[in-house]
Structure formats: C-alpha cells, structure tokens
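Here are the chains, one letter per residue:
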Amino acid sequence: MRDAREFWRALERRLPEVDRDREREIACSVLLVLRSRIQREHARDLEAALPSELEYLWSLPGVERGEPPVDPAAPPEHEYEDFMARVRELARLSGIAEAARATCAVFGALCEVIPEEQARTLEGQLSPGLQALWRGESWPGRAVDATEPGRSRAR
C-alpha cells in the first residue's frame with residue numbers, strides 16, 4: 001500500500017494552482033460525497049484500502065453515509081449533476097465545471113494509492129459520467145456544457 005504523501009503529491013500535480021489547505025478541503029468534499037454514493041461494503045473496503053494517514057478523510061462528518069441514492073430510473077446525467085452540485089457546495093467551488101475538474105483530480109490521486117482491483121470495483125459503483133471522471137476523461141454529457149456555457153470541459 002502506498003502512503004498519504006503520494007496521494008497529496010498526485011493531487012498537487014492535478015491541481016497545481018490550488019494551495020494545500022484548499023486541496024485538503026476539495027479532497028474531503030469529493031470523498032465525503034463519494035462515500036455517500038457507494039454501497040456500504042464497498043465504502044468499508046475502500047476505507048481499508050486507503051493509506052492509514054488518509055482514513056480520517058473518509059470518516060469526517062458532513063455527508064451522511066447511506067444518503068438516499070439518486071433514483072435509479074433517473075438519467076445518468078442527473079447522478080453526475082447531483083454529485084457535482086454536492087462537491088461544488090461542500091468545497092465552495094465556483095461551478096459544475098470546477099467541481100468536475102476537482103473530482104477528476106481527487107479520483108486520479110485516489111487511484112494512485114489504492115490497489116488496482118479496488119479501483120476497478122469502485123469504478124463499477126459509479127454512474128457513466130463519474131466513471132469517465134474516474135478514468136480521467138471528460139464526460140460528454142450535457143451537465144457541464146448546459147450548466148456553464150463557455151467554460152472548459154471537466155478536464
């Protein structure tokens with residue numbers, strides 16, 4: 001297992017313009033929302049896979065575990081938009097595109113410190129738009145384009 005320093009270095013590479021305090025706030029926000037969106041057993045598995053120095057990020061209060069999931073009949077972009085709106089709110093970001101970029105950065109840093117099998121399992125728990133961010137891609141859904149015309153895509 002890798003250590004927390006690798007996570008923070010990876011996040012710094014992905015968000016070079018963000019200072020350390022903001023990086024922590026962004027990481028906490030993304031992880032809190034992620035924790036609320038995945039099945040409990042997968043959340044426990046991810047917590048166990050995190051470097052011990054990062055476990056506190058996973059256990060901070062803020063978004064309740066087991067928060068009702070988005071309606072499974074809702075279109076995939078609804079889950080994406082809802083996830084980004086929560087990240088934007090918790091991390092105090094300017095908009096959905098910035099939240100998507102921050103989420104992509106945290107997901108990428110997380111992938112660098114958890115086992116590959118755990119990363120694949122976690123990716124499988126996510127909606128298509130969030131899976132794209134997990135893989136470091138922008139999602140061609142309407143959320144970013146329709147919400148913030150003229151802004152760059154998630155990456």
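Here the structure is shown first, and the text comes after it.
What you see is a predicted model, and the numbers here were worked out from it, not measured in a lab.

Along its length, the chain carries nine helices and zero strands. Of the regular secondary structure in the chain, the N- to C-terminal order runs α-α-α-α-α-α-α-α-α. Counting only residues that meet the buried cut, the chain has 49% of its 155 residues in that class. Counting contacts in the chain only where the partners sit at least 6 residues apart, residues at least 24 apart contribute 69% of the total.

As a further point, take the state of the cysteines. As enumerated under the stated definition, the model contains zero disulfides in all. We note that cysteine 111 lacks a disulfide partner, and the nearest cysteine sulfur, in cysteine 104, lies 9.5 Å from it. Residue classification places cysteine 111 among the partly exposed positions, given a relative accessible area of 25%.

Tracing the chain through its elements places aspartate 82 in helix H5 (residues 76-91). According to the relative accessible area criterion, aspartate 82 is partly exposed, its value standing at 28%. Distance from aspartate 82 to valine 33, taken between C-alpha atoms, is 9.8 Å for residues 49 residues apart in sequence.

Right, let's get into the packing of helix H1 (residues 4-14) against helix H2 (residues 20-37). Their axes nearest at 11 Å, the elements H1 and H2 cross at an angle of 105°. When the interaxial angle is binned, H1 and H2 end up roughly perpendicular. Between H1 and H2, the contacting residues are Phe7, Trp8, Leu11 and Glu12 on the first element and Arg20, Glu23, Arg24 and Ala27 on the second. A per-class count over the contact of H1 with H2 returns four nonpolar, no polar and four charged.

Further remarks concern the pattern of salt bridges. Evaluated as defined, the whole model comprises 13 salt bridges. The closest approach of N and O atoms between arginine 86 and glutamate 89, which form a salt bridge, is 3.3 Å. Within this pair, arginine 86 and its partner glutamate 89 are both found in helix H5, separated by three residues, close to a single helical turn. Using a relative accessible area of 18% as the deciding quantity, one classes arginine 86 as buried. Where glutamate 123 meets arginine 135, a salt bridge forms, and the shortest distance between an N and an O atom there is 2.9 Å. Taken together, the residues span a long stretch of sequence, with glutamate 123 in helix H7 (residues 116-124) and arginine 135 in the loop between helix H8 (128-134) and helix H9 (142-147) at a distance of twelve residues. Residue class for arginine 135 comes out partly exposed when judged on its relative accessible area of 42%. It is possible to trace a salt-bridge network through shared partners that takes in Arg13, Arg14 and Glu112.

Attention now goes to the packing of aromatic side chains. Inspection of the entire model under this criterion finds three aromatic pairs. Residue placement shows arginine 24 over the ring face of tryptophan 8; its charged tip is 4.2 Å from the ring centre.

Working note: a packed helix pair is described by the angle between its axes plus the distance between those axes. Across the interface, helix H3 (residues 40-49) lies against H7 with an axial gap of 11 Å and an inter-helix angle of 150°. Compared by their axis directions, H3 and H7 come out roughly antiparallel. When the axes of H3 and H7 are compared, the crossing they make is left-handed. Contacts between H3 and H7 involve His42, Asp45, Leu46 and Ala49 from the first element and Gln118, Thr121 and Leu122 from the second. Residue composition of the contact of H3 with H7, by class: three nonpolar, three polar and one charged.

Turning to unusual backbone geometry, a few remarks are in order. Positive phi, close to 55°, is recorded for arginine 92, a residue that is not glycine. Inspection of the secondary structure assignment puts arginine 92 in the loop between H5 and helix H6 (96-113).

Cut-offs applied
Residues numbered from 1 in each chain as written. Predicted model: local features only at pLDDT ≥ 70, side-chain atom pairs only at ≥ 80, totals over all residues. Heavy atoms only, no water. Helix = DSSP H or I, 4+ residues; strand = E, 2+ residues; numbered from the N terminus. Buried < 20%, exposed > 50% of the residue type's maximum accessible area, 1.4 Å probe, protein only. Contact = heavy atoms within 4.5 Å. Disulfide = S-S within 2.5 Å. Axes fitted to C-alpha atoms, helices over the stretch in contact; angles between N-to-C directions. Parallel < 35°, antiparallel > 145°, perpendicular 65-115°, else oblique. Nonpolar A, V, L, I, M, F, W, Y, C, P; charged D, E, K, R; others polar. Salt bridge = Lys/Arg side-chain N within 4 Å of Asp/Glu carboxyl O. Phe/Tyr/Trp six-rings, centres within 6.5 Å; stacked < 30°, edge-to-face > 60°. Lys NZ or Arg CZ within 6 Å of the ring centre and 35° of its normal. Left-handed = near helix turned anticlockwise from the far one by under 90°.

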